[in-house]
Protein chains: 2
Amino acid sequence: MTETRVPTPTLERLATYLRVLLDAREAGVQTLSSRDIERLSGISAAQFRKDLSYFGEFGKPGVGYSTQQLIECIERILRLDREQPMLLVGAGNLGAALVGYPNFRAHRFRIAAVFDNNFVKIGRPFGDLIIEDIARLKEVNAQIGAQIAIIAVPANAAQEVAEQLVDAGIRAILNFAPTSLKVPPWVYVRNVSFLQELAVLSYHLAQEPKHSRDGWTGELPSEPTRPASLAARVKETSDAI
Amino acid sequence: MTETRVPTPTLERLATYLRVLLDAREAGVQTLSSRDIERLSGISAAQFRKDLSYFGEFGKPGVGYSTQQLIECIERILRLDREQPMLLVGAGNLGAALVGYPNFRAHRFRIAAVFDNNFVKIGRPFGDLIIEDIARLKEVNAQIGAQIAIIAVPANAAQEVAEQLVDAGIRAILNFAPTSLKVPPWVYVRNVSFLQELAVLSYHLAQEPKHSRDGWTGELPSEPTRPASLAARVKETSDAI
DNA sequence: GGCATGTTGTGAAAAAATTCACAGATACCA
DNA sequence: TGGTATCTGTGAATTTTTTCACAACATGCC
Ligand SMILES: NC(=O)c1ccc[n+]([C@@H]2O[C@H](COP(=O)([O-])OP(=O)(O)OC[C@H]3O[C@@H](n4cnc5c(N)ncnc54)[C@H](O)[C@@H]3O)[C@@H](O)[C@H]2O)c1
Ligand SMILES: NC(=O)c1ccc[n+]([C@@H]2O[C@H](COP(=O)([O-])OP(=O)(O)OC[C@H]3O[C@@H](n4cnc5c(N)ncnc54)[C@H](O)[C@@H]3O)[C@@H](O)[C@H]2O)c1
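Residues numbered from 1 in each chain as written. Chains lettered and ligands numbered in written order. Predicted model: local features only at pLDDT ≥ 70, side-chain atom pairs only at ≥ 80, totals over all residues. Heavy atoms only, no water.

1. Re the sheet that holds strand 10 (residues 188–191) of chain A
All names here are of chain A. Stated precisely, the cut-off is as follows: Only strands that DSSP links by at least two bridges are regarded as paired with each other. Starting at the N terminus, helices and strands are each numbered in turn, a helix being any DSSP run of H or I of at least four residues and a strand any DSSP run of E of at least two. A contact between two residues is defined here by any heavy atoms of the two lying within 4.5 Å. Axis definition: a line fitted to C-alpha atoms, limited for helices to the stretch in contact. Angles are taken between N-to-C directions and run from 0 to 180 degrees.
Ordered by their spatial adjacency, 7 strands build an open sheet running 6-7-5-4-8-9-10, and the pairing between neighbours is mixed. Both outer strands of the open sheet, strand 6 (125–126) and strand 10, are each paired with one neighbouring strand and no more. Note: strand 8 (residues 148–151) against strand 9 (residues 172–175), 4 bridges, orientation parallel. Paired with Ile150 across the two strands is Leu174, which belongs to strand 9. Contacting strand 4 (84–89), strand 8 and strand 9, helix 7 (residues 155–167) crosses the sheet at an angle of about 165° to strand 8.

2. Here we look at the domain arrangement of chain A
All names here are of chain A. Our working definition: Where each domain starts and ends follows an automatic or database-derived domain assignment. Two parts placed together each lose some accessible area under a 1.4 Å probe, and adding up what both lose gives the buried area. Salt-bridge detection follows one rule: a side-chain nitrogen of Lys or Arg within 4 Å of a carboxyl oxygen of Asp or Glu.
Examined at the domain level, chain A breaks down into domain 1 (8–79) and domain 2 (84–197). Between domain 1 and domain 2, the C-alpha centre-to-centre distance is 31 Å. Domain 1 puts 6 residues into the contact, and the matching count from domain 2 is 5 residues. The largest contributions to the domain 1 side of the interface with domain 2 come from Glu12, Glu75 and Arg79, which together make up 64% of the buried area. There are 2 salt bridges connecting domain 1 and domain 2. One salt bridge connects Arg108 with Glu75, and the closest N-O pair in it is separated by 3.8 Å.

3. Notes on the pairing of strand 9 of chain A
All names here are of chain A. Worth spelling out the cut-off: Burial here depends on accessible area, computed with a 1.4 Å probe over protein chains only, as a share of the maximum for the residue type. Under 20% is buried, over 50% is exposed, and the range in between is partly exposed.
Of the two faces of strand 9, the one lined by Ala172 and Leu174 and the one lined by Ile173 and Asn175 are each fully buried. The pairing of strand 9 with strand 10 spans 4 bridges and is classified as parallel. Looking at strand 10, one finds that Ala172 is bridged to Tyr188.

4. Side note on the site of ligand 2
Defined as follows: For this description, a residue counts as near a given molecule or strand if any of its non-hydrogen atoms is within 4 Å of it. Identification of polar contacts relies on pairs of N or O atoms within 3.5 Å, with a donor-acceptor requirement for protein atoms, meaning one able to donate a hydrogen and the other able to accept it, and with residues adjacent in sequence counted only if both atoms are side-chain atoms. Computed by Shrake-Rupley with a 1.4 Å probe, the accessible areas treat only the displayed protein chains as cover when residues are assessed. Side-chain classes follow a simple rule in which Ala, Val, Leu, Ile, Met, Phe, Trp, Tyr, Cys and Pro form the nonpolar group, Asp, Glu, Lys and Arg form the charged group, and the remainder, Gly included, forms the polar group.
Asn93(B), Leu94(B), Asp116(B), Lys121(B) and Val153(B) are the nearest of the 24 residues found near ligand 2. Each of chains A and B places residues next to ligand 2. Backbone polar atom of Ala97(A) to an oxygen atom of ligand 2: 3.0 Å apart, as the coordinates give it. Take Tyr101(A): an N or O atom from its side chain is 3.0 Å from an oxygen atom of ligand 2. For ligand 2, the accessible surface in isolation is 820 Å², of which the surrounding protein chains cover 86%. At the level of elements, helix 5 (93–99) of chain A together with helix 5 (93–99) and helix 7 (155–167) of chain B are the ones that each hand at least two residues to the shell around ligand 2. Examining the composition of the shell around ligand 2, we find that 3 residues originate from one element, helix 7 of chain B, more than from any other. Grouping the amino acids of the shell around ligand 2 by side-chain chemistry returns 17 nonpolar, 5 polar and 2 charged.

5. Some remarks on the relation of the copies chain A and chain B
The test is simple: Only residues with pLDDT of at least 70 in both copies contribute their C-alpha atoms to the least-squares superposition of the copies.
Of the transformation superimposing chain A on chain B, the axial component is 0.0 Å and the angular component is 180°, with the fit at an RMSD of 0.0 Å. On this basis, the relationship between the two copies can be described by a two-fold rotation axis. Among all C-alpha atoms of chain A, that of Ala97(A) lies closest to the rotation axis, at 3.3 Å. A share of 100% of interface residues in chain A that are also interface residues in chain B marks the association as one of identical surfaces.

Structural data, given as structure tokens:
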């Protein structure tokens with residue numbers, strides 16, 4: 001393991017590799033090569049190997065990677081090897097989808113408490129939880145000890161909520177509100193913006209269709225007509241988990 | 001306007017600039033400098049100017065940018081200057097949040113139809129819409145003419161749905177399912193993965209807190225102690241819309 | 001063992017993205 | 001009018017990220 005900082009794109013891809021590996025394990029696959037990963041994830045084999053090289057050596061030349069072993073390594077790197085309680089703020093439409101999202105558990109994330117400031121909602125059930133008063137945030141988290149929080153309140157309330165979260169000891173925030181949060185340097189924030197994603201899609205509609213429909217068979221060419229073309233295309237569809 | 005391809009990060013930031021500009025217009029601000037944008041968005045002034053330079057010249061030296069004018073330009077670039085119907089597939093938890101999301105309208109996106117394959121759900125109301133049978137996808141979109149679709153079905157159904165969407169004439173897909181879609185080259189896909197975001201947050205919890213708590217006042221220094229520090233920190237919180 | 005095949009890990013090269021730094025434009029003021 | 005302050009747009013420098021390409025290793029087969 002080197003001393004170099006790990007690029008953020010690498011961290012993002014790690015989560016994708018993990019998804020692919022979990023699927024493979026489910027399917028009973030014991031071993032995968034970097035080219036298998038490329039086929040399954042759309043991320044190039046070289047990229048995969050380089051990404052892993054930031055953390056150590058996990059494969060065997062001539063063989064590939066042990067599915068089980070690599071899963072364990074990536075989970076350790078990403079800190080997914082332990083139960084992680086999270087706080088959710090905002091018991092609205094989006095919050096409802098989030099508390100009902102079963103996939104969190106597969107990575108040992110767990111929404112441990114939900115907060116709102118609407119008196120009508122406080123005390124009501126929300127998924128498996130009871131909606132708590134946002135005023136009790138610090139108090140409740142003293143019990144839970146969550147370090148991660150999700151902000152799902154309207155944009156104009158997000159900054160205030162962020163400050164309360166920081167005060168309650170939160171060190172990482174997933175922000176769904178369309179606003180740029182100002183937080184102290186020890187708090188890490190990631191923003192999710194559906195509108196941003198849609199805007200990028202929209203832009204591409206405006207562009208000349210670089211690719212014609214000719215020759216599309218539904219198959220990805222194993223012997224690409226133009227090597228760069230496959231890489232470029234697949235790249236765009238590759239960073240899900 | 002040059003012939004260069006526009007970097008994807010630039011497109012993503014454009015949406016953030018637009019949000020900031022809309023807020024400013026709302027507040028009655030007529031003119032903004034690139035440093036104002038930096039303060040409001042967390043994206044550096046130089047980055048902002050460079051980003052715009054891919055599309056032309058929009059500012060006046062010594063003055064800044066006309067809020068109204070720049071909004072119009074960015075909307076045109078991002079193709080947000082017209083009504084855009086979208087198809088939503090998957091009338092589940094996430095779909096419910098999406099149909100109820102009012103902010104889409106601010107950028108002239110509109111969910112024009114919702115599809116599901118669950119007989120119990122088909123025909124029921126869903127937001128302002130009635131859930132349609134996925135089998136009628138092509139037929140319905142012949143009327144609507146949507147080019148953008150949102151996939152909110154379980155991962156194991158996503159590829160099949162993507163193919164149906166392509167067949168129905170969709171050219172851009174926002175995919176919430178945790179899987180890598182294979183689509184023809186003329187279709188542009190963006191993936192949104194909450195788990196990926198959480199994984200990156202989780203990784204950062206594991207890291208040494210580079211920053212100590214000393215000196216944090218809750219105020220962003222207007223006359224930064226160390227200019228680079230502010231930029232670096234704010235950067236992490238900067239790409240919402 | 002010797003050889004063919006397949007795969008990793010990684011420096012080096014290339015490409016992409018960001019930041020710098022400054023010429024030149026604009027406004028304002030006395 | 002000239003002087004000062006402010007701000008844009010952009011080539012160039014720098015930094016970051018991706019891709020290439022190959023030595024070194026593993027396996028299986030004869
Ligand atoms: N609904 C979506 O699909 C969607 C998509 C992308 C982004 N978002 C964003 O997510 C956020 C939430 O969206 P939503 O659709 O769930 O909104 P919503 O109005 O349904 O829910 C917001 C909830 O936050 C609560 N709230 C408001 N101020 C609060 C405060 N200070 N403290 C605690 N709780 C507070 C409200 O009482 C409400 O229950 C918004 O910022 C929205 O822009 C939503
Ligand atoms: N709920 C969340 O907060 C959340 C967060 C991130 C990602 N996701 C992802 O979004 C997707 C949907 O999540 P959800 O929570 O809404 O799930 P859900 O089970 O509540 O809803 C899925 C819907 O898709 C429908 N469906 C299944 N197969 C279909 C098909 N072939 N054609 C048309 N419709 C079909 C189902 O009938 C159901 O109504 C999943 O892939 C999930 O992983 C959800």
